[in-house]
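These are the residues of each chain, in order.
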Amino acid sequence: QVQLVESGGGLVQAGGSLRLSCAASGRTFRSYAMAWFRQAPGKEREFVAAITSSGGSTYYADSVKGRFTISRDNAKNTVYLQMNSLKPEDTAVYYCAAKNGPLIFTVPRQASYWGQGTQVTVSS
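Below or above, wherever it landed, is the structure these notes cover.

1. Let's talk about the overall build of the protein chain
Part 1: Broken down by element type, the protein chain carries 0 helices and 11 strands.
Part 2: Computed over its C-alpha atoms, the radius of gyration of the protein chain comes to 13 Å, within 12% of the 14 Å expected for a compact globule of 124 residues.
Part 3: Looking at the protein chain as a whole, 46% of its 124 residues are labelled buried.
Part 4: Put simply, 59% of the contacts in the protein chain that link residues at least 6 apart link residues at least 24 apart.

2. Focus on the state of the cysteines
Part 1: If you walk through the whole model with that rule in mind, you get 1 disulfide.
Part 2: Two residues, C22 and C96, share a disulfide whose sulfurs are 2.1 Å apart. Because the torsion about its S-S bond is -80°, the bridge between C22 and C96 counts as left-handed. Pair noted here: C22 is in strand β3 (residues 18-24) and C96 is in strand β9 (residues 92-100), with a separation of 74 residues, a long-range link.

3. Remarks on the packing of aromatic side chains
Part 1: Tallied over the entire structure, the rule returns 6 aromatic pairs.
Part 2: Look at F37 and F47: their rings are 5.9 Å apart centre to centre, the planes differ by 75°, and that puts the pair in the edge-to-face class. Residue F37 is found in strand β4 (residues 32-39), and its partner F47 is found in strand β5 (residues 46-51); the two are separated by 10 residues along the sequence. Like F47, F37 is buried.
Part 3: Between F37 and F105, the ring centres sit 6.1 Å apart and the planes meet at 40°, which makes this aromatic pair tilted. Highlighted residues: F37 in strand β4 and F105 in the loop between β9 and β10 (113-114), separated in sequence by 68 residues. When sorted by exposure, F37 lands in the same class as F105, which is buried.
Part 4: One aromatic cluster in this structure is built from F37, F47, Y59, Y95, F105 and W114.

4. What about the nonpolar core?
Part 1: Core analysis: the biggest nonpolar cluster contains 38 residues, and L4, M34, W36, V79, L81, M83 and Y94 have the highest contact counts within it.
Part 2: At 6 residues, β4 tops the list of elements feeding residues into this core.
Part 3: Filtering out sequence-adjacent residues up to four positions away, M83 remains in contact with G16, S17, L18, L20, R67, F68, Y94 and V120.

5. Things to note about the environment of F68
Part 1: Locating F68 in the fold gives a position in strand β7 (residues 68-73).
Part 2: Excluding residues that lie within four positions of it along the chain, F68 makes contacts with R38, V48, Y60, L81, Q82, M83, N84, L86, D90 and Y94.

6. With respect to unusual backbone geometry
Part 1: At N77, a position not held by glycine, the phi torsion is positive, near 55°.
Part 2: Position of N77 relative to the elements: it lies in the loop between β7 and β8 (78-83).
Part 3: Residue classification places N77 among the buried positions, given a relative accessible area of 17%.
Part 4: One non-glycine residue, S85, lies in positive phi territory at about 50°.
Part 5: Position of S85 relative to the elements: it lies in the loop between β8 and β9.
Part 6: Residue class for S85 comes out partly exposed when judged on its relative accessible area of 40%.

The rules we used
- Residues numbered from 1 in each chain as written.
- Predicted model: local features only at pLDDT ≥ 70, side-chain atom pairs only at ≥ 80, totals over all residues.
- Heavy atoms only, no water.
- Helix = DSSP H or I, 4+ residues; strand = E, 2+ residues; numbered from the N terminus.
- Rg over C-alpha atoms; globule rule 2.2 N^0.38 Å.
- Buried < 20%, exposed > 50% of the residue type's maximum accessible area, 1.4 Å probe, protein only.
- Contact = heavy atoms within 4.5 Å.
- Disulfide = S-S within 2.5 Å.
- Phe/Tyr/Trp six-rings, centres within 6.5 Å; stacked < 30°, edge-to-face > 60°.
- Core = buried A, V, L, I, M, F, W, Y, C linked by side-chain atoms within 4.5 Å.

Printed below as a string of structure tokens:
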């Protein structure tokens, strides 16, 4: 069982930056690939970024490529999402997700565990 707790969301002006954190419980964090998804009101949950269990490979949605960076610290059981050059269309609830196994995942149904989400609002 893995519990995920996100933090770092908030209100920021367009062009600004935020860093989201996702702290995981348990001693097997390094066995899980991790990902960030987001969901805006009235829209489907969509993939944002993912990282392998070792942290050696990452993958991004085209909409955030070059602006967002996913990383992880397995010693701290934490995954991060650095978000730069934020746009109003980035406004959503951001969710951290974990999948048992090393490989990147991009589809919500592949996740084994979810955090409760953190709100990110970007004003124009």
